[in-house]
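# Architecture at a glance
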Amino acid sequence: MRFHLKFYLHYLVLLGFSCVISTYGPYQRAQRTGDILLGGLFPIHFGVASKDQDLAARPESTECVRYNFRGFRWLQSMIFAIEEINNSSTLLPNITLGYRIFDTCNTVSKALEASLSFVAQNKIDSLNLDEFCNCTGNIPSTIAVVGASGSAVSTAVADLVGLFYIPQISYASSSRLLSNKNQYKSFMRTIPTDEYQAIAMAAIIDHFQWNWVIAIASDDEYGRPGIEKFENEMFHRDICIDLNVLISQYIDEAEIRRLADRIENSTARVIAVFASGPDIEPLIKEMVRRNITDRIWLASEAWASSSLVAKPEYLDVMGGTIGFALRAGNIPGFKEFLQQVHPKKSSHNEFVREFWEETFNCYLEDSPRNEDSENGSTSFRPLCTGEEDIASVETPYLDYTHLRISYNVYVAVYAIAQALQDILTCTPGKGLFANGSCADIRKVEAWQVLKQLRHLNFINSMGERVRFDNGSELSANYTIINWHRSPEDGSVVFKEVGYYSIHNKNGAKLSIDKTKILWNGHLTEVPFSNCSEECEPGTRKGIIDGKPTCCFECTECSDGEYSDHKDASVCSKCPNNSWSNGNHTSCFLKEIEFLSWTEPFGIALALFAVLGVLLTAFVLGVFVQFRDTPVVKASNRELSFLLLFSLICCFSSSLIFIGEPQDWTCRVRQPAFGISFVLCISCILVKTNRVLLVFEAKIPTSLHRKWWGLNLQFLLVFLFTFVQVMICVVWLYNAPPGSYKNYDIDEIIFITCNEGSMMALGFLIGYTCLLAAICFFFAFKSRKLPENFTEAKFITFSMLIFFIVWISFIPAYFSTYGKFVSAVEVIAILASSFSLLACIFFNKVYIILLKPSRNTIEEVRCSTAAHSFKAAAKATLRHSSASRKRSSSVGGSSASSPSSSISLKTNGNEMSPSTRRHSQKPRVSFGSGTVSLSLSFEEARKNSVK
């Protein structure tokens with residue numbers, strides 16, 4: 001493989017040689033001898049004529065076509081810099097720089113053909129060419145090359161001259177591939193890499209909020225890496241590419257038409273192009289032919305100001321183009337130098353003749369064009385007089401107002417000169433070569449200049465630092481231009497509308513003045529180029545299956561979420577204390593709710609609670625006022641007072657549930673409710689059970705009275721209540737309740753109490769219900785007591801209401817939320833409290849206040865006597881039945897009529913027979929009174945013998 005490569009190089013070099021050493025390279029050139037020779041490669045033409053070579057005869061060199069005025073100006077910039085250096089007394093004194101400049105015709109083949117002349121004398125000994133020919137002429141070696149322009153051309157040249165370590169400084173090749181110093185060891189440049197331009201192009205698209213674009217790139221080392229970096233940037237910015245194609249100036253017309261069809265049918269309105277002027281020109285011509293005017297073109301630096309496409313006749317389609325341009329430089333005296341060009345004054349520059357003919361559309365004497373015109377091969381042109389005025393014509397050659405590439409050429413030449421100056425002024429022992437030695441300026445070689453360039457560090461005329469060491473790239477400073485139509489002559493005007501500056505990969509600044517931009521059609525509003533219509537605030541982007549991420553549908557934000565800007569990717573969640581408004585564009589503070597004192601519901605509950613307290617207090621006052629009456633005495637006066645007090649506590653505890661919950665109210669309200677109700681139920685239980693035992697007893701004894709004395713009754717109430725108190729203490733110690741803000745409800749923050757332990761609350765209510773069930777049992781058994789003691793029936797009814805209320809409370813409590821939880825419990829407390837108050841006391845208050853005739857001892861005695869009579873009769877019947885059964889068991893044939901007498905004596909008094917005869921009703925008295933009761937039962941004797 002290495003043998004073949006070496007043979008190929010030998011062949012290329014030999015191909016460039018001829019017997020006349022002075023004609024190395026293409027015939028047309030700009031050349032001047034000197035002590036040190038610099039090479040130059042410039043695109044004087046845009047391309048070559050396509051010609052089929054059938055090889056029937058010796059192939060001829062391809063012809064370059066379409067003159068490039070800007071390329072010729074770049075060439076003139078190199079000549080101007082060299083002459084300026086030669087005339088300088090401080091830079092390279094007594095050293096004359098020469099040059100040899102060729103036309104690359106913007107093609108690799110022409111550039112390589114020219115490059116062979118540069119390497120002809122370099123390293124000939126290393127190639128061992130003496131055996132092939134004698135090539136030892138006195139031609140100065142080319143110690144550096146300035147060029148080429150296109151990245152594809154520079155890449156090919158760099159592969160060739162790099163083999164001989166000839167330094168190459170490009171003025172326009174910006175491909176990021178050329179930054180690889182391992183592959184392109186001798187390549188340097190005075191233009192920023194395209195990596196920065198791709199970032200800048202994506203930044204502009206992002207700046208105008210476009211997300212749906214077409215990407216076009218030239219199919220070479222310039223377009224492919226540039227568009228690849230551009231695609232990566234677009235991906236990171238969530239911008240989609242609808243169409244991505246590669247083009248070339250040599251693409252056939254059918255392919256151009258197909259590409260134009262795809263662009264015309266695309267919904268993307270922005271076209272980003274990474275290509276040179278010659279490559280994009282065929283497509284633009286087709287777009288102009290079709291008059292497709294609704295597109296925005298985004299131009300890379302290579303064609304943003306190209307004279308091939310920046311034509312007035314293209315402005316209807318290309319107007320409003322946004323492009324990148326390098327920062328312009330200043331070259332003093334260059335304007336005058338450009339105006340001095342003339343065929344008779346530029347014998348060393350063979351390109352001037354063609355420039356003159358193309359500028360004035362004529363031909364010079366002895367010109368090949370004259371022969372072609374006579375043979376009819378070209379259109380007729382008049383003869384040039386030589387007196388034409390170059391300043392009288394409009395040509396890109398004289399566009400020196402924005403010197404960009406020309407300035408880069410200027411800097412490249414001065415960089416080489418500065419390196420040579422460093423060699424000239426080198427101090428032995430401090431040089432860059434072995435043992436600190438210095439190179440001989442008179443015998444300097446290309447590799448020595450390359451070494452010196454790698455250590456070059458100087459400030460150019462623009463104040464920028466120029467370095468070519470490994471990893472160094474020029475700072476990216478781009479001017480953003482906008483294509484306008486000149487109001488004077490209709491020509492294309494490049495209006496500066498902003499800039500993009502970057503000094504490193506982390507620091508970039510984009511500045512665009514939108515007011516200066518004039519879009520196609522003289523519009524000032526930014527055109528729309530998105531796959532989908534932008535989503536309004538309050539919505540977010542929704543993914544569409546099978547479509548790129550830039551194509552979306554607008555989905556309304558969910559409740560509790562918002563988006564306050566257009567094209568939101570996601571909806572932001574409102575804070576816990578906020579909720580989204582109706583159109584989901586912002587959040588508002590949630591309304592804080594609790595069972596307030598000021599709301600109608602809270603006021604109503606509070607009024608009912610106060611009413612309950614007042615009614616209970618009223619009943620208590622009545623009972624205190626009439627405490628010595630039989631009804632009050634018969635109702636167990638002391639327990640009734642305690643019961644009424646507990647009911648006041650019950651009604652009062654409901655008030656703690658109203659108002660904004662605080663930690664202390666949450667800890668107090670449930671224990672207050674639980675203890676109050678247990679105290680109330682305990683009083684009813686003890687009271688009911690005592691009455692039941694007294695009336696169920698056949699002969700009340702002193703033991704009964706002792707057992708059910710007041711002390712024991714209060715002790716039982718205390719014990720029952722103490723159990724509830726202990727439940728509350730354990731609850732408050734282990735899991736104390738506290739205030740809690742519930743954010744789960746839409747638009748509302750409910751401040752409630754976190755009970756701490758639902759099990760503890762269950763024990764509290766469960767224990768209360770257990771006592772109520774026992775009380776219900778005793779009350780149910782006492783339902784047939786004397787009429788004056790019918791409160792047992794009402795207690796039974798009140799317990800039924802109590803159970804209904806609290807059984808209903810459980811599902812209602814767990815199915816409600818927020819302030820309604822407290823309201824449900826308040827309603828349950830009030831309902832059960834009112835039922836107890838009404839059932840137990842309202843009947844008695846009615847008798848005391850409205851029926852005082854029934855509040856007498858006679859009424860009580862009659863009722864008690866009747867009940868005692870029934871009870872004694874039942875007892876006697878049971879006793880008689882038992883006696884007969886015993887008599888039958890011993891064989892008795894007759895039964896006697898039993899006579900039973902039951903006397904209930906109090907204080908030793910006994911009723912007389914006369915009193916018994918005249919008495920219509922049994923007499924019953926309690927306290928200090930006397931009770932006498934006599935019951936007789938006679939059963940007619942059954943005569944077994946008639």
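Note that the coordinates shown come from a computational prediction; the quantities given were computed from them, not determined experimentally.

## Describing the overall build of the chain
Each helix and strand counted, the chain has 26 helices and 27 strands in total. When each of the 946 residues of the chain is scored for burial, the buried share is 48%. Counting only contacts in the chain whose residues sit at least 6 apart along the sequence, the fraction spanning at least 24 positions is 70%. Within the structure as shown, the chain displays about 47,000 Å² of accessible surface, and the carbon and sulfur contribution to it stands at 54%.

## A closer look at the UniProt feature "transmembrane region" (unreviewed entry) in the chain
Using the residue numbers shown here, the UniProt feature "transmembrane region" (unreviewed entry) corresponds to residues 7–27, 601–626, 638–659, 671–693, 714–733, 760–780, 792–814 and 820–842. Annotated as residues 601–626, this span is 96% helix and 0% strand, and its ends, taken at the C-alpha atoms, are 37 Å apart. In residues 760–780, helix accounts for 100% and strand for 0%; the two terminal C-alpha atoms are 30 Å from one another.

## Comments concerning the nonpolar core
Residues Phe42, Phe72, Met78, Ile143, Val146, Phe230 and Leu420 are the most contacted members of the largest nonpolar core, which totals 107 residues. Top element by residues in this core is helix α14 (residues 405–424). It accounts for 13 residues. When neighbours within four sequence positions are excluded, Ile143 is seen to be in contact with Ile36, Leu37, Leu38, Ile166, Pro167, Ile416, Leu420, Val444, Glu445, Ala446 and Val449. Of all hydrophobic cores here, the second largest spans 62 residues; its members include Phe677, Val826, Phe841 and Ile848.

## Describing the confidence of the model for the chain
Scored by pLDDT, the chain has a mean of 80; 80% of the residues are at 70 or more. Note that pLDDT drops below 50 for residues 1–24; the model gives that stretch 31 contacts with residues more than four away or on any other chain. Between residues 373–378, whose pLDDT stays under 50, and residues either more than four places distant or in other chains, the model counts seven contacts.

## Details of the sheet that holds strand β25 (residues 591–593)
Reading across the sheet, the three strands line up as β25-β27-β26 and stay open at both edges, with mixed pairing between neighbours. The outermost strands of the open sheet, each flanked by one partner alone, are β25 and β26 (738–742). Between one strand and the next, the sheet's axes are offset by a mean angle of 25°, whatever the strand orientation. Here β25 runs beside strand β27 (residues 748–754); their pairing, made up of three bridges, is parallel.

## Observations concerning empty space enclosed by the protein
In the structure shown here, the tally under the stated rule is three cavities of 30 Å³ or more. Lining the second largest cavity are ten residues, and of these Lys181, Lys185, Phe187, Arg454 and Phe468 lie nearest its centre.

## Quick word on the environment of Ser392
Along the chain, Ser392 turns up in the loop between α13 (368–374) and α14. The exposure class of Ser392 is exposed, given its relative accessible area of 52%. In terms of polar contacts, Ser392 uses its side chain to reach the backbone carbonyl oxygen of Asp389, at 2.6 Å.

## Some details on unusual backbone geometry
Each neighbour pair has its own omega, and for Gly147 with Ala148 the value is 0°, a cis peptide bond. Its place among the elements puts Ala148 in the loop between β6 (142–146) and α5 (151–161). The phi dihedral of Cys105 falls on the positive side, at around 55°, and the residue is not glycine. Topologically, Cys105 is positioned in the loop between β5 (97–103) and α3 (108–118). If you check the backbone angles, His584 has positive phi at about 60° while not being a glycine. Within the secondary structure layout, His584 lies in the loop between β23 (578–580) and β24 (587–589).

Rules used in this analysis
- Residues numbered from 1 in each chain as written.
- Predicted model: local features only at pLDDT ≥ 70, side-chain atom pairs only at ≥ 80, totals over all residues.
- Heavy atoms only, no water.
- Helix = DSSP H or I, 4+ residues; strand = E, 2+ residues; numbered from the N terminus.
- Buried < 20%, exposed > 50% of the residue type's maximum accessible area, 1.4 Å probe, protein only.
- Contact = heavy atoms within 4.5 Å.
- Areas by Shrake-Rupley, 256 points an atom, 1.4 Å probe, with all protein chains shown as cover.
- UniProt positions renumbered as here; feature names shortened; annotations may be inferred.
- Core = buried A, V, L, I, M, F, W, Y, C linked by side-chain atoms within 4.5 Å.
- pLDDT = per-residue confidence, 0-100.
- Pairing = 2+ DSSP bridges.
- Axes fitted to C-alpha atoms, helices over the stretch in contact; angles between N-to-C directions.
- 1 Å grid on protein atoms, 1.4 Å probe; cavity = no way out; pocket = protein on both sides within 12 Å on 5 of 7 lines; lining within 4 Å.
- Points joined across faces, edges and corners; volume = space filled by probe spheres on them.
- Polar contact = N/O pair within 3.5 Å; in protein donor to acceptor, adjacent residues only side chain to side chain.

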